[in-house]
Amino acid sequence: MENLILKKGAVIFRQGSPSGCIYDVTWGVVGIYDRYGEPGETLLDEVRAGECFGEMGVIEGCPHSATAVALEKGTCVKAVTQAEFEAYFREKPAKVMAIMQNMSRRLREVSQKYLQACRAVAESTEAAREGRPPDDRLHRDLEELAKTYRSSGHRGA
Amino acid sequence: MDRATFQKGDIIFQQGDLTHCMYDIVRGRVGIYDRYGTPEGKLLATLGAGSCFGEMGLVEASLRSADAVALEDGTEVTVVTPETFSAYFRDCPEKVYGIMSQMSGRIRSMTKEYLTVCRTAAGMLEAQETGNRESGGLKRDIKRVCEVYAEAVRNGWRSFRDLHGGAWR
């Protein structure tokens, strides 16, 4: 199990990279970003000491869906691999519960994004069918969705 | 560990109940239904000993999205609450890891569905901008998205939370 001590601004993992570890923050703060370093950069979450991040990768083995960056000098994280996962968390039921709560929140968030995306497509289609030009807001919504698709590395079905 | 025993036909929980626990079947069988006891009622799944259900209710207090009914006399379940979670996790960590694996699988498939809609949006914009006709594939995707959205409007939030296996979770 690796113990990492990081400089401010150090990238722990990048969006889209293959994952192998879950990280347990023992000191400092880690920022989780969508499109880090790009025009559309968004801070999704700040993970503090006692909390974990990167759980998706180690449980299902999929690429990181965001970039993790140390926000403070001396930020310290423990990198727990899939092989070490069960042993590390065996005596930490509170952390396991916290991971599940995070996952539940993420499921709710992506469900909501999915619903809003379907709405934008459905409303645009209806506007076209009725011969109305799509309004600015709808057009912007579709553009955002198209941008998301292009920057996703095409992971759709 | 908290246990509860039910007889055949007993309702363990109903759609709309606010609860903060999950169930692990020790003995017997449980049926998960949409609208149990009504003419439109549908059996969604039958679960036996060793299976868990209602796990989303353990993670946070939530409204049940389906009905759970005991299918046999003497159906026995362990009730796991946030307070008894530590003991449960100590006893059967592999079950908890199984639940986590399922949850992350649902996040992944929902994300995939979301990206498919994003792809559809990109296709629509491209057709608009180039003036080209929408391809057959794009038309099919658009139709499917419109159907999904129409159903969500009819059923409310429930149909989205429950996509991909687990109206009872």
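Basis of the calculations
Residues numbered from 1 in each chain as written. Chains lettered and ligands numbered in written order. Predicted model: local features only at pLDDT ≥ 70, side-chain atom pairs only at ≥ 80, totals over all residues. Heavy atoms only, no water. Pairing = 2+ DSSP bridges. Helix = DSSP H or I, 4+ residues; strand = E, 2+ residues; numbered from the N terminus. Axes fitted to C-alpha atoms, helices over the stretch in contact; angles between N-to-C directions. Parallel < 35°, antiparallel > 145°, perpendicular 65-115°, else oblique. Left-handed = near helix turned anticlockwise from the far one by under 90°. Nonpolar A, V, L, I, M, F, W, Y, C, P; charged D, E, K, R; others polar. Contact = heavy atoms within 4.5 Å. Buried area = accessible area lost by both parts, 1.4 Å probe. Salt bridge = Lys/Arg side-chain N within 4 Å of Asp/Glu carboxyl O. Core = buried A, V, L, I, M, F, W, Y, C linked by side-chain atoms within 4.5 Å. Buried < 20%, exposed > 50% of the residue type's maximum accessible area, 1.4 Å probe, protein only. Phe/Tyr/Trp six-rings, centres within 6.5 Å; stacked < 30°, edge-to-face > 60°. Lys NZ or Arg CZ within 6 Å of the ring centre and 35° of its normal.

(A) Spotlight on the sheet that holds strand 10 (residues 75-80) of chain B. Residue and element names in this part refer to chain B. Here we have four strands laid out as an open sheet, ordered 1-10-4-7, and antiparallel in their pairing. Both edges of this open sheet fall to strand 1 (2-6) and strand 7 (52-53), since each of them pairs with a single strand only. Here five bridges tie strand 4 (residues 22-27) to strand 10, and the two strands are oriented antiparallel to one another. Across the sheet, M22 pairs through a bridge with V80, a residue of strand 10.

(B) Expanded view of the packing of helix 3 (residues 93-129) of chain A against helix 3 (residues 93-130) of chain B. Taken N-terminus to C-terminus, the directions of helix 3 of chain A and helix 3 of chain B make an angle of 20°; their axes are 9 Å apart at the nearest point. Considering the angle they form, helix 3 of chain A stands roughly parallel to helix 3 of chain B. Along this stretch, helix 3 of chain A crosses helix 3 of chain B, giving a crossing that reads as left-handed. Residues of the contact of helix 3 of chain A with helix 3 of chain B, tallied by class, amount to 20 nonpolar, seven polar and four charged.

(C) Here's a closer look at the interface of chain A and chain B. Between chain A and chain B, the contact holds 44 residues from the first and 45 residues from the second. Regarding the contact of chain A and chain B, the summed buried area is about 4500 Å², with carbon and sulfur atoms giving 78% of it. Interface area lost by chain A to chain B is led by A:M100, A:L107 and A:Y114, which between them contribute 16%. Between the two partners, chain A and chain B, sit one salt bridge.

(D) Layout of the nonpolar core. Counting residues in each nonpolar core, the largest one holds 60 residues, and the members touching the most others are A:F89, A:M100, B:F85 and B:M100. Those elements that provide at least two residues to this core are helix 1 (55-60), helix 2 (82-89), helix 3 and helix 4 (136-150) of chain A together with helix 1 (56-59), helix 2 (85-91), helix 3 and helix 4 (136-155) of chain B. Counting residues per element, this core draws most heavily on helix 3 of chain B, which supplies 15 residues. If near-sequence neighbours (up to four positions away) are discounted, A:F89 is found in contact with A:I22, A:C52, A:V80, A:K95, A:V96, A:I99, B:F89 and B:Y97. Grouped together as the second largest cluster of nonpolar side chains are 16 residues, B:I25, B:I32, B:F53 and B:A68 included.

(E) Inspection of the sheet that holds strand 9 (residues 67-70) of chain B at higher detail. Residue and element names in this part refer to chain B. With antiparallel pairing, four strands are arranged side by side in an open sheet as 2-9-5-6. Each edge of the open sheet carries a strand with a single partner, namely strand 2 (11-13) and strand 6 (42-48). For this sheet, the mean angle separating the axes of adjacent strands, direction not counted, is 30°. Sheet analysis places strand 5 (residues 29-34) next to strand 9, joined by four bridges and oriented antiparallel.

(F) Layout of the pairing of strand 10 of chain B. Residues and elements named next belong to chain B. By the criterion of burial, strand 10 is predominantly enclosed, with six of the six residues buried. Of the two faces of strand 10, the one carrying T75, V77 and V79 and the one carrying E76, T78 and V80 are both buried. Here five bridges tie strand 1 to strand 10, and the two strands are oriented antiparallel to one another. Paired with D2 across the bridge in strand 10 is V79.

(G) Local environment of the packing of aromatic side chains. In the structure shown here, the tally under the stated rule is 13 aromatic pairs over all chains. Considering the side-chain rings of A:F13 and A:F53, the 5.8 Å spacing of their centres and the 40° angle between planes classify their relative orientation as tilted. Residue A:F13 is found in strand 2 (residues 11-13), and its partner A:F53 is found in strand 6 (residues 52-53); the two are separated by 40 residues along the sequence. This pair shows no difference in class: A:F13 is buried, exactly as A:F53 is. Aromatic side chains B:F13 and B:F53 sit 5.9 Å apart centroid to centroid with 45° between the ring planes, which places their arrangement in the tilted category. Residue B:F13 is found in strand 2, and its partner B:F53 is found in strand 7; the two are separated by 40 residues along the sequence. As far as the burial class goes, B:F13 and B:F53 line up, both buried. For the cation-ring pair, A:K92 lies above A:Y88, with the distance from its terminal atom to the ring centre recorded as 4.0 Å. Across from the ring centre of B:F13, 4.4 Å away, lies the NZ or CZ of B:R64, which sits over that ring.

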